[in-house]
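The primary structure of each chain is shown beneath.
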Amino acid sequence: DPKVSHQELLDRYESKKDSYFRPARVKYEELVVKTSKFPSKGEAWAELADMGNEVLRGAPLSAVAKRRSQGIGAASSGGQSDWTGRGSLVTTKVEEALFTIPLGKMSQIIEDGDAFYIVRALEREEERY
């Protein structure tokens, strides 16, 4: 067996350190309303507000998403997303909310692009090596 010094081990780690990097990531759920599906932005906002209030009154977010959300795959996933890395979402406002709101708390209504969103971070991991 070759002898490997502690310093050699550290040097090897430092030379490959970038391959050990794990970016911050989050698991989340969302409710989405597309403004293009309503006569006005106000009506789209009101629809999402009503969905959020339904969750606040005790309905499971996944059930509300399956019935009413207009997000990609909302019906099949119940608005839930698997681990998503920082920098991978198209909407930067939603991403910022996901990495800053307290876990388990629903966000305020977020407008970004042609949609309104309410998100809730379920799990989060900070970037690390």
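The coordinates are above.
Please read all numbers here as calculations on a predicted model, not as lab measurements. Every chain begins its residue count from 1, and numbering advances along the sequence as written. Reporting in this predicted model follows two pLDDT cut-offs: at least 70 for local features of residues, and 80 or more for side-chain atom pairs to be given and counted; totals over whole chains, interfaces and linings ignore these cut-offs and use all residues. Side-chain numbers here rest on the full set of heavy atoms in the structure, without hydrogens or water.

Asks: Looking at this structure, how should I read the nonpolar core?
Replies: Grouped burial of nonpolar side chains is what soluble globular proteins tend to show. Judged by nonpolar contacts, the single largest core of 14 residues is most densely connected at V26, V94, L98, I110, Y117 and V119. Every element with two or more residues in this core is listed here: β1 (25-34), α5 (92-98) and β4 (115-125). The helix count covers DSSP runs of H or I at least four residues long, the strand count covers runs of E at least two residues long, and both are numbered beginning at the N terminus. Considering every element that reaches this core, the biggest residue donor is β4, with four residues. In this analysis, two residues are considered to be in contact whenever any of their non-hydrogen atoms come within 4.5 Å of each other. In this view, I110 contacts K93, V94, A97, A115, F116, Y117 and V119; residues no more than four positions away in its chain are not counted. Remark: nonpolar core denotes a set of buried residues (Ala, Val, Leu, Ile, Met, Phe, Trp, Tyr, Cys) joined through side-chain atoms within 4.5 Å. Each residue's exposure class comes from its accessible area (1.4 Å probe, protein chains only) as a fraction of the maximum for that residue type: buried when under 20%, exposed when over 50%, partly exposed otherwise. Membership of the second largest hydrophobic core comes to twelve residues, among which are A44, L48, M51 and A65.

Asks: Mind showing me how you'd approach the packing of aromatic side chains here?
Replies: We describe a pair of aromatic rings using the distance from one ring centre to the other and the angle between the two ring planes. Each Phe, Tyr or Trp ring, with Trp reduced to its six-membered ring, pairs with another whose centre is within 6.5 Å; inter-plane angles below 30 degrees give stacked pairs, above 60 give edge-to-face pairs, and intermediate values give tilted ones. Applying the stated criterion across every chain yields a total of two aromatic pairs. Seen from the ring of Y129, K17 lies directly overhead, with NZ or CZ sitting 4.7 Å from the centre. Only when the NZ of Lys or the CZ of Arg is both within 6 Å of the ring centre and within 35 degrees of the ring normal is a charge said to sit over the ring.

Asks: Got a minute to help me understand the sheet that holds β4 in this structure?
Replies: Think of a sheet as strands paired side by side through backbone hydrogen bonds, with each pair either parallel or antiparallel. Judged by pairing direction, the sheet is antiparallel, and its four strands sit side by side in the order β2-β1-β4-β3 without closing on themselves. Unpaired on one side and paired on the other, β2 (80-85) and β3 (110-112) mark the two borders of the sheet. Strand-to-strand twist of the sheet, defined as the mean angle between neighbouring strand axes without regard to direction, takes the value 45 degrees. Only the stretch in contact is used when fitting a helix axis, every axis being a line fitted to C-alpha atoms; angles between N-to-C directions are given from 0 to 180 degrees. Across the sheet, helix α2 (residues 41-56) lies against β1, β3 and β4, angled at about 130 degrees from β1, the strand it touches most. Relative to β1, helix α3 (residues 61-68) is tilted by about 40 degrees, and along the sheet it contacts β1, β2 and β4. Strands qualify as paired when DSSP identifies two bridges or more between them.

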